[in-house]
Amino acid sequence: MFRRTEPTDCMIEWDGRALPACAGEPLAVALLAAGVTHFRETAVSGTARGPLCLMGACFDCLVQVEGEANVQACMVMVRPGLRAGPQHGVRGL
Amino acid sequence: MTDDAFDIAVLGGGMLGSAIGWGCAAAGARVAVLDEGDVALRAARGNFGLVWSQGKGDGMPPYAAWTRRSLAAWPALAERVSGLAGRDVGYRPVGGLVFCLGEAELSERRQTVQRLHNQGQDGVQVLDRAQLQALMPHCPLGPEVTGASYQPADGHADPLTLLRGFKAGLLAAGAAMLNGASVTSIVRDDRGFVVTRSDGSQVRAGKIVIAGGLGTPALAAQVGLAVPVRPVRGQNIVTERLAPLLPLPASAIRQTTDGTIQIGVTSEDDGSDAPLTRSEDLAGMAARAVRVLPDLARARIIRTWGALRPMTPDGFPAYAQSDSHPGAFVAVCHSAVTLAAVHAGPLAQGILAGALPDSLAALHPRRLEGMTGHVPAH
Amino acid sequence: MAAAVAARGQGLSVLLLDENPAPGGQVFRALDRRPPKDAQDRRGADLLAAFRASGAEAHQGAVLWAVEDGPRVFWSQNGAAQSASPGRLILAPGATERPLPIPGWTLPGVMSVGAAQIALKTAGLVPEGCVWIAGQGPLMWLYAAQALRQGGRIAGIIDLAPPDAEMRALRHPLGLLRGMDYLARGLAWKAAVKRAGVPVFAATDVAAEGEGRLDAVMFDGRHEAADLLLLHDGVVPNTQVTRAIIGCRHLWDQGQACWKPVLDAWGQTSIPGVLVAGDSGGIGGATAAALSGTLAALEAARQMGRLSAEQRDALATPARLSRARHLAVRPLLDALFPPRPMGAVADATILCRCEEVTAGRVREAVALGCLGANQLKAFTRAGMGACQGRVCGPAVQGAIAAARGVSGAEVEPFRTRFPTKPLTLGELAALAG
């Protein structure tokens, strides 16, 4: 899918597993670099989705970040130790 | 371009016009529903979705009775229209609340409920905080919530599905849906009515129903009826979809069948017909909603809109048949979801029979003569 | 950035609100964290340096969500809503990619070419494995050339551009002449792709296949394994904010099948105090965008009494001439890459991704009497989801127009409303009182 051409410099956590990443890159890009395309299941039908645009327009890259639901992964920048996971359908409050 | 004569031409394809039109078409009449374009000044996409009797007709018992009659007929309507829409209209008669913050609001609400009891509306109760919380155990109330008034017979539905159901029903019954032009003139001759439109077309019908919402005054004047109506804006907020948390609707907060939380509703009577939203007003609505249900603070706003209610000076509906133009009817209200059942039922039947139900006499617009002043939406 | 630099040059105080962590938009994305890779990057680096030196007050991670009378702007930063009342507002939200709805385009593993470019620019990701590109337009070839130059591998390109390009090009001789450098670059990109041995297939139809994830791409009867499919059908102005300003007039651009704000020569909208610069006012490309930013700032300076009209004109002449030259190629590009017709999208294909509304449902709603996108939204929920029509707008517009048999100009687009980006109820509530 994708291959990194720059070295990574930190680790993040995705769905319980550790993934390498670069501080300051978009979370969505870090996930794609690690081969992750399944970011969420939709609230409408439970269908698997991943990012489309990576620029904050499509809202398909919604994930959970540090316990907050429905966050656009393309608008969150990686910091070392960031914890994130898939958005499973509709969020609760 | 002249169409063959219809039995009924409904001028206005919003919630009210569509309900009346469908009621007539389902009874076998040849119906045409005339509507404007995509961005006409519409109330019928701004409905909050309440099916509500609480507080209705305060000071106008015939309206309270008309409302109760509609609630009683709503379950049957919901079943029929869900079938037509191919989707559940989402009617949930789970009760309805008006939240109170602080002692003063609760005390004022008690007085209002007492007055309603005195008018025969005894289905409304006042709940204290504990009783209220018991109705919604998984939805913590904010610390300032003192209680609420509660009408167990009330509820809510999905207004857009309802409207779509009416449209589908009209199509299925062979009604003509004539969209994309406004009415320029209404003329009565010995064969009935000729309605001319902005695209040059003409529609001929034995009877007409003016259901033009905010366009009512100009159209009604053409058939000798004075029906003052002005736009009263209500701003709405809708959130992202959420897991079920609010089991019954309140007058200003409800959770829809899609899981979104809908918050209303301001009542702005500034003469403007701009369907706009203002951050200052929205902030106030959001602030109150969060005071009532603090968990909502984390919910994201996806959309806002400013709905324009067609409001008569006293806030009650107006129904009439023209004396100077018999066969021309007018209907206007701001609770077209609640009243959908009676509009599709006895009102449509009355129109077909040539006479409105006697129970609507008090709602004739002649009562509005000389009335000014703003009445808060209810 | 260009508008900020020019405004500062006239002594105006400037507040810049940018959603991203650093300036640069999409074309110059992450230039603060990576070395410039080509001539365009170097121009971007120069602009970034000029911006940094200009004294403009830059707020990054600032998400604009409302524009009201005044103008008054509202935005969110670090979870808190704020507002400001500038003398003039210059909106420059850029462009979004036109959607390319194909069967299976919602599968994980299907993204836009623009997204792949962002992955390249923000993290140096190059394509590898079974990567296919499908669509048409300059950005597709630019990305392919960029990715290959940086060591990426592409399995194949499916070119959906209509085949009679040369004939249509000949109808725009001026565009050909004045846009020579654009065309030369386009040919160079195509040559690079060819040199790298990437197979290119002319096709009319594409579909993505897979269970829960992209597995394969189908085109004109062929079936190829794929783990990434990048789609592109041109870019359209991002009018989400301008359409939410009540009374802000827009017009339909037939060649690009998109709505854009009505602007005068300087970028002034029909709303006093609000100007638009860049691709969001009409697609012109990065260089033209920067030039229009300069022009908008000079006009804002004139409106605020810092310049006379004559002074403004004198200062603006080089930018105006240059911009005209860069825009000259656009009609030719529009003719070469006409947007794909939405009438041809299969009934079962999703148009509104957020609410999962298919083209068939859209057509049913038109049959029920929906004349435009707003009635259709009410009946189908298309456009009601999180993206508020940003992605599906052009597709829904096109599908309604095709179903009605009218031009896109006669189909009302989705009304947008503030907030144009989500904020929490709590954040909005904090603004009260």
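Notes on the structure follow. Since the model is a prediction, treat every value here as computed from it, not as a measurement.

## Points about the overall build of chain C
(1) Moving on: Per the secondary structure count, chain C includes 14 helices and 23 strands.
(2) Moving on: Its C-alpha radius of gyration of 22 Å places chain C within 12% of the 22 Å reference for a compact globule of 433 residues.
(3) Moving on: Its C-alpha atoms put chain C at 65 × 50 × 45 Å along the principal axes.
(4) Moving on: For chain C, the proportion of contacts with a sequence separation of at least 24, taken over those separated by at least 6, is 65%.
(5) Moving on: By element, 56% of the accessible surface of chain C is carried by carbon and sulfur atoms, the whole surface being about 16,400 Å².

## Regarding the interface of chain A and chain C
(1) Moving on: Counting from both sides, the interface comprises 35 residues of chain A and, opposite them, 48 residues of chain C.
(2) Moving on: Approximately 3,300 Å² of surface area, both sides summed, lies buried where chain A meets chain C, with 60% of it carried by carbon and sulfur atoms.
(3) Moving on: The three residues of chain A that bury the most area against chain C are M1(A), F2(A) and L52(A), which together make up 22% of that side's buried surface.
(4) Moving on: Along the contact surface separating chain A from chain C lie two salt bridges.
(5) Moving on: The residue R353(C) makes a salt bridge to D60(A) at a minimum N-O spacing of 2.7 Å.
(6) Moving on: When residues of the side of chain A that touches chain C are traced back to their parent elements, those giving at least two are β1 (2-4), α1 (27-33) and β5 (48-49) of chain A.
(7) Moving on: Class assignment for the residues of the side of chain A that touches chain C results in 20 nonpolar, nine polar and six charged.

## Overview of the sheet that holds strand β6 (residues 145-151) of chain B
Residue and element names in this part refer to chain B.
(1) Moving on: Reading across from one edge, β4-β6-β5 is the order of the three strands in this open sheet, with antiparallel pairing throughout. In the strand order of this sheet, the two ends are held by β4 (96-101) and β5 (125-128), each with one partner. Averaged over neighbouring strand pairs, the angle between their axes works out to 25° when direction is ignored.
(2) Moving on: Pairing geometry for β5 and β6, over four bridges, is antiparallel. Bridge pairing links D128 to G147 in β6.

## A word on the sheet that holds strand β3 (residues 63-68) of chain C
All names here are of chain C.
(1) Moving on: Reading across the sheet, the three strands line up as β3-β4-β5 and stay open at both edges, with antiparallel pairing between neighbours. This sheet does not close on itself; its edge strands, each paired only once, are β3 and β5 (80-84). In this sheet, neighbouring strand axes are inclined to one another by 25° on average, regardless of whether the strands run parallel or antiparallel.

## Some words on the side chain of R91(A)
(1) Moving on: Considering the arrangement of structural elements, one finds R91(A) in the segment after β8 (83-88).
(2) Moving on: Separated by 2.6 Å, the side chains of R91(A) and E240(B) make a polar contact.
(3) Moving on: In contact with R91(A), not counting residues within four places along its chain, are A69(A), N70(A), E240(B), R241(B), L242(B), A243(B), R298(B), A299(B) and R300(B).

## Considering the interface of chain A and chain B
Accessible area lost upon the coming together of the parts serves often as the stated size of an interface.
(1) Moving on: Chain A puts 10 residues into the contact, and the matching count from chain B is 10 residues.
(2) Moving on: Note on chain A versus chain B: buried area summed over both sides is about 840 Å², and carbon and sulfur give 51% of it.
(3) Moving on: Looking only at chain A, the three residues that lose the most surface to chain B are V90(A), R91(A) and L93(A), adding up to 70% of its buried area.
(4) Moving on: The interface formed by chain A and chain B contains two salt bridges.
(5) Moving on: Note that E68(A) and R300(B) form a salt bridge whose closest N and O atoms lie 3.0 Å from each other.
(6) Moving on: In this structure, the connection of chain A to chain B is made through eight residue pairs in polar contact (both at pLDDT 80 or more).

## Thoughts on unusual backbone geometry
All names here are of chain C.
(1) Moving on: Looking along the chain, the bond that leaves G70 and enters P71 is cis, with omega of 5°.
(2) Moving on: Tracing the backbone shows P71 in the loop between β3 and β4 (72-77).
(3) Moving on: Between F418 and the following residue, P419, the backbone shows a cis peptide bond with an omega angle of 5°.
(4) Moving on: With respect to the element layout, P419 can be found in the loop between α13 (393-404) and β23 (423-424).
(5) Moving on: A positive phi angle, close to 60°, is found at A30, a residue other than glycine.
(6) Moving on: In this fold, A30 is placed in the loop between β1 (15-18) and α2 (39-53).
(7) Moving on: For R381, which is not a glycine, the phi torsion comes out positive at approximately 75°.
(8) Moving on: By the element assignment, R381 lies in the loop between α12 (373-380) and α13.
(9) Moving on: Classification of R381 as buried rests on a relative accessible area of 16%.

## Side note on the nonpolar core
(1) Moving on: Counting residues in hydrophobic clusters, the biggest one holds 160 residues, and the most contacted among them are F2(A), L27(A), V31(B), W74(B), L77(B), L162(B) and L229(C).
(2) Moving on: The element that contributes the greatest number of residues to this core is helix α4 (residues 138-149) of chain C, accounting for eight residues.
(3) Moving on: With residues near it in sequence (within four places) discarded, W74(B) still touches V51(B), V89(B), Y91(B), A157(B), L162(B), V337(B), T338(B), A340(B) and A341(B).
(4) Moving on: Core analysis: the second largest hydrophobic core is formed by 56 residues, L132(B), A283(B), V67(C) and L428(C) among them.

## So, the pairing of strand β2 (residues 31-34) of chain B
Residue and element names in this part refer to chain B.
(1) Moving on: Judged by which residues are buried, β2 turns out to be covered on both faces: V31 and V33 on one side and A32 and L34 on the other are all buried.
(2) Moving on: In the sheet, strand β1 (residues 6-11) pairs with β2 via four bridges, with the strands oriented parallel. The partner of V10 across the bridge, within β2, is V33.
(3) Moving on: Assessed by its sense of winding, the connection that carries the chain from β1 through helix α1 (residues 15-26) to β2 is right-handed.
(4) Moving on: One ladder, built from three bridges, connects β2 with strand β8 (residues 176-178); its direction is parallel. Bridging across to β8, L34 finds its partner in L178.

## Overview of helix α7 (residues 279-292) of chain B
All names here are of chain B.
(1) Moving on: With 14 residues, α7 ought to run about 20 Å at 1.5 Å a step, and its terminal C-alpha atoms sit 20 Å apart, in line with that.
(2) Moving on: Across the 14 residues that make up α7, a large majority, 10, are buried.
(3) Moving on: The set of residues buried in α7 consists of S279, D281, L282, A283, M285, A286, A287, A289, V290 and V292.

## Regarding the packing of helix α11 (residues 359-367) of chain C against α13(C)
Residues and elements named next belong to chain C.
(1) Moving on: Put simply, α11 and α13 touch, their axes get as near as 10 Å, and they point 50° apart. With respect to α13, the axis of α11 lies oblique. Between α11 and α13 the crossing geometry is right-handed. The segment α11 lies against α13, with V362, R363 and V366 engaging A399, I400, A403 and R404.
(2) Moving on: Split by residue class, the contact of α11 with α13 holds five nonpolar, no polar and two charged.

## As for the pairing of strand β14 (residues 260-263) of chain B
All names here are of chain B.
(1) Moving on: Residue alternation in β14 divides its side chains into two sets, T260 and Q262 and I261 and I263, and both sets are buried.
(2) Moving on: Strand direction decides the pairing type here: strand β12 (residues 230-241) and β14, joined by three bridges, are antiparallel. By the bridge assignment, R241 is partnered in β14 with T260.
(3) Moving on: As paired elements, strand β13 (residues 253-255) and β14 share three bridges and run antiparallel to each other. Within the sheet, the bridge partner assigned to Q255 lies in β14 and is I261.
(4) Moving on: Counted along the chain from β13 to the antiparallel partner β14, the turn is four residues long, and its residue G259 has a positive phi close to 95°.

Rules behind the numbers
Throughout, residues of each chain are indexed from 1 in the direction in which the sequence is written. Here every chain gets a letter starting at A, and every ligand a number starting at 1, in the order they are written. pLDDT decides what is reported in this predicted model: residues at 70 or higher carry local features, side-chain atom pairs at 80 or more are listed and counted, and totals for whole chains, interfaces and linings draw on all residues regardless. Neither water nor hydrogens contribute to the side-chain values; these are computed over all heavy atoms in the structure. Under the DSSP-based scheme used, a helix requires at least four consecutive residues in state H or I and a strand at least two consecutive residues in state E, with every element numbered from the N terminus. Just to be clear, the radius of gyration here is over C-alpha atoms, and the globule rule we use is 2.2 Å times residues to the power 0.38. Whether two residues touch is decided by their heavy atoms; if any such pair falls within 4.5 Å, the residues are in contact. To measure how exposed things are, a 1.4 Å probe is used in the Shrake-Rupley method; for residues, cover is taken only from the protein chains shown. Buried area, as used here, totals the accessible surface that two parts lose on assembly, with accessibility defined by a 1.4 Å probe and the loss added over both. Any carboxyl oxygen of Asp or Glu that lies within 4 Å of a side-chain nitrogen of Lys or Arg is treated as forming a salt bridge with it. Note on residue categories: nonpolar means Ala, Val, Leu, Ile, Met, Phe, Trp, Tyr, Cys or Pro, charged means Asp, Glu, Lys or Arg, and polar means any other residue, Gly included. Think of it this way: DSSP has to see at least two bridges between two strands before they count as a pair. Working convention: axes come from line fits to C-alpha atoms, limited for helices to the stretch in contact. Angles between N-to-C directions cover 0 to 180 degrees. As used in this structure description, the phrase polar contact means that two N or O atoms lie within 3.5 Å; if the pair is within protein, one of them must be able to donate a hydrogen and the other to accept it, and residues adjacent in sequence are counted only when both atoms belong to side chains. Whether a residue is buried, partly exposed or exposed follows from its accessible area with a 1.4 Å probe, protein chains only, as a fraction of its type maximum: under 20%, in between, or over 50%, in that order. Here, nonpolar core refers to any group of buried Ala, Val, Leu, Ile, Met, Phe, Trp, Tyr and Cys residues whose side-chain atoms link them within 4.5 Å. When the strands point away from the viewer and the connection leading from the first strand across the helix to the second strand turns clockwise, the crossover is called right-handed. In this scheme, a helix's expected span is set at 1.5 Å multiplied by one less than its residue total. Oblique is the label for any angle not covered by the other classes, which are roughly parallel (under 35 degrees), roughly antiparallel (over 145) and roughly perpendicular (65 to 115). In a left-handed crossing the near helix is turned counterclockwise from the far helix by less than a right angle, and in a right-handed crossing that turn is clockwise.

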